[in-house]
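Each chain, written out:
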Amino acid sequence: MRSESEMYDLILGTARSDDRIRAVVLNGSRANPHAPGDVFQDFDVVYVVTELDSFKQDPHWFDHFGERMIFQFPDGMGDPPAEDWGGYGVLMQFADGNRIDLSLVPRENLEVILDDSLSVALLDKDGILPHFPEPDESGYLPTPPTAKAFDDCTNEFWWVSTYVAKGLWREEILYARTLLDEVVRAQLMKMLVWHIGLKTGFKANPGKSGKYFQQYLEPALWKQLLRTYADGSYEATWQALFEMGDLFRTLALPLSAHYGFEYPHDDDARVWAHLHHVRDLPRDAAEMY
């Protein structure tokens, strides 16, 4: 595996020798003084370039960064459809374990990279980069919920929970698990982020997909969160749904009290009773109630 210094030499040497590349900016965890370092850290790099077409038309140009395991050109894909964000991304996983997430940004679209608080200028041939302040996590910190956001979160959580129960009763495990893991869990994750934010004064970065949650959650809450991850059985999925409901309520009640939000106690109680009712409903039931 090539060393960090070898990778920086490669990244900067490439930029210095190519007239199309006018500046280099480092983002991501390697620009974050608080991020733990390990062998999986990638290099999030921006090349500010004079144009994009020549790079797009020569995908083999990127081969000189090293022997590839796999590359992805997300902005050239049709599924999922690419978004026009003003640049062109090239994701490179190399055979030696290193990874570069490279963004090519035309000089005229420089503004698309200026709002990242984790930015370090590595090279600037023309003096086109602004002065970046010392990198910090300010752009990645959660913000307190509004009353509307809290209400939407609680409503979506309890509303979609009924769909999960329906799918489990029908023995449609993939339908039930998709809604549980992608929709209900998304609202639980919001509530967890707000809980951590309240606990830390919204000065801690919980990490993408909650990767730092364990650092900030109380041990009992962390253990309960882990119990919401079920195997593929119906019984375990029912238990995960009930664990989610318990945990969601445990988080939401003190949060609503702190901010003076209205928690939907009646919705919670009615849906909670319904979930248990459906859990015990015979498979040959002709009526729900």
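The preceding data block contains the structure.
Residues numbered from 1 in each chain as written. Predicted model: local features only at pLDDT ≥ 70, side-chain atom pairs only at ≥ 80, totals over all residues. Heavy atoms only, no water.

As for helix 8 (residues 265–280)
Every α-helical turn comprises 3.6 residues, leaving residues that sit three or four positions apart pointing alike.
Part 1 of the argument: Taking 1.5 Å as the rise per residue, helix 8 with 16 residues should run 22 Å; its terminal C-alpha atoms sit 23 Å apart, in good agreement.
Part 2 of the argument: Taken together, the buried positions of helix 8 are occupied by D268, V271, W272, H274, L275 and V278. The arc that holds the buried residues of helix 8, viewed along the axis, is 165°, so those residues lie on one side. Residues of helix 8 that are exposed and point over 90 degrees away from its buried face: D266, R270 and D280.
Part 3 of the argument: Each element contacted by the buried residues of helix 8 is listed here: helix 3 (147–169) and helix 7 (234–259). (Helix = DSSP H or I, 4+ residues; strand = E, 2+ residues; numbered from the N terminus. Expected span 1.5 Å × (residues − 1). Buried < 20%, exposed > 50% of the residue type's maximum accessible area, 1.4 Å probe, protein only. Arc of directions from axis to C-beta. Contact = heavy atoms within 4.5 Å.)

Some points on the packing of aromatic side chains
Part 1 of the argument: A full pass over the atoms with the stated rule returns 17 aromatic pairs.
Part 2 of the argument: Ring geometry for F242 against W272: centres 5.6 Å apart, planes inclined by 75°, an arrangement best described as edge-to-face. Within this pair, whereas F242 is found in helix 7, its partner W272 is found in helix 8, the two being separated by 30 residues in sequence. You'll find F242 and W272 in the same group, each marked buried.
Part 3 of the argument: Lying across the ring of F43, R30 places its NZ or CZ 3.8 Å from the centre. (Phe/Tyr/Trp six-rings, centres within 6.5 Å; stacked < 30°, edge-to-face > 60°. Lys NZ or Arg CZ within 6 Å of the ring centre and 35° of its normal.)

Description of the pairing of strand 1 (residues 21–27)
Part 1 of the argument: The element strand 1 is extensively covered by neighbouring structure, given that seven of its seven residues are classed as buried.
Part 2 of the argument: Pairing geometry for strand 1 and strand 2 (residues 43–49), over six bridges, is antiparallel. Bridging from a neighbouring strand, I21 pairs with V49 of strand 2. (Pairing = 2+ DSSP bridges.)

As for the layout of surface pockets
Part 1 of the argument: Empty space within the largest pocket amounts to approximately 470 Å³.
Part 2 of the argument: In this structure, the largest pocket is lined by 16 residues; those nearest its centre are G28, S29, Y140, K208 and K211.
Part 3 of the argument: Residues belonging to the lining of the largest pocket are distributed by class as follows: five nonpolar, six polar and five charged.
Part 4 of the argument: Lining the second largest pocket are 16 residues, with N27, D44, V46, W85 and S103 positioned closest to its centre.
Part 5 of the argument: Of all the secondary structure elements, the ones that give two or more residues to the lining of the second largest pocket are strand 2, strand 4 (88–94) and strand 5 (99–106).
Part 6 of the argument: Residues belonging to the lining of the second largest pocket are distributed by class as follows: eight nonpolar, four polar and four charged. (1 Å grid on protein atoms, 1.4 Å probe; cavity = no way out; pocket = protein on both sides within 12 Å on 5 of 7 lines; lining within 4 Å. Points joined across faces, edges and corners; volume = space filled by probe spheres on them. Nonpolar A, V, L, I, M, F, W, Y, C, P; charged D, E, K, R; others polar.)

Remarks on unusual backbone geometry
Part 1 of the argument: For the peptide bond that leads from D79 to P80, omega is 0°, which places it in the cis range.
Part 2 of the argument: Here P80 is to be found in the loop between strand 3 (68–72) and strand 4.
Part 3 of the argument: Positive phi is not limited to glycine here, since F202 has a value of about 55°.
Part 4 of the argument: Tracing the backbone shows F202 in the loop between helix 4 (173–200) and helix 5 (213–216).
Part 5 of the argument: Of note in the backbone geometry, S209 takes a positive phi value of approximately 55° without being a glycine.
Part 6 of the argument: Note on placement: S209 falls in the loop between helix 4 and helix 5.

Comments concerning the side chain of D101
Part 1 of the argument: Positionally, D101 belongs in strand 5.
Part 2 of the argument: Setting aside residues no more than four positions away along its own chain, D101 makes contact with D42, F43, D44, V45, V90, L91 and M92.

Section: the nonpolar core
When a protein is soluble and globular, its nonpolar side chains tend to lie buried together.
Part 1 of the argument: Ranked by internal contacts, the top residues of the largest apolar core, which has 41 residues, are L188, M191 and F248.
Part 2 of the argument: Looking at this core, the elements with two or more residues in it are helix 3, helix 4, helix 6 (219–226), helix 7 and helix 8.
Part 3 of the argument: Examining the composition of this core, we find that 11 residues originate from one element, helix 4, more than from any other.
Part 4 of the argument: Other than its neighbours up to four places away in sequence, L188 contacts F157, L225, M244, L247, F248 and L251.
Part 5 of the argument: If you look at the next biggest cluster of nonpolar residues, it comprises 29 residues, including M7, L10, L52 and F94. (Core = buried A, V, L, I, M, F, W, Y, C linked by side-chain atoms within 4.5 Å.)

Section: the pattern of salt bridges
Part 1 of the argument: What the rule picks out here adds up to 18 salt bridges.
Part 2 of the argument: In this structure, the salt-bridge partner of R177 is D181, at a minimum N-O distance of 3.2 Å. With R177 and D181 both in helix 4, this residue pair falls four residues apart, about one helical turn.
Part 3 of the argument: Residue D181 is classed as partly exposed on the basis of its relative accessible area, which comes to 29%.
Part 4 of the argument: Residues joined in a network through salt bridges with shared partners are R22, R107 and D126. (Salt bridge = Lys/Arg side-chain N within 4 Å of Asp/Glu carboxyl O.)

Focus: the sheet that holds strand 5
Part 1 of the argument: With respect to topology, six strands assemble into an open sheet ordered 3-4-5-2-1-6, the strand pairing being mixed. Every other strand in the sheet has two partners, leaving strand 3 and strand 6 (120–124) as the edge strands with one partner each. Taken over all neighbouring pairs, the strand axes of this sheet differ in orientation by 20° on average, direction set aside.
Part 2 of the argument: Bridging between strand 1 and strand 6 involves four bridges; their strand directions are antiparallel. Counterpart to V25 in the pairing with strand 6 is A121.
Part 3 of the argument: The strands touched by helix 1 (residues 4–17) within the sheet are strand 1, strand 2, strand 4, strand 5 and strand 6, with strand 2 carrying the most contacts at an inclination of about 10°. (Axes fitted to C-alpha atoms, helices over the stretch in contact; angles between N-to-C directions.)

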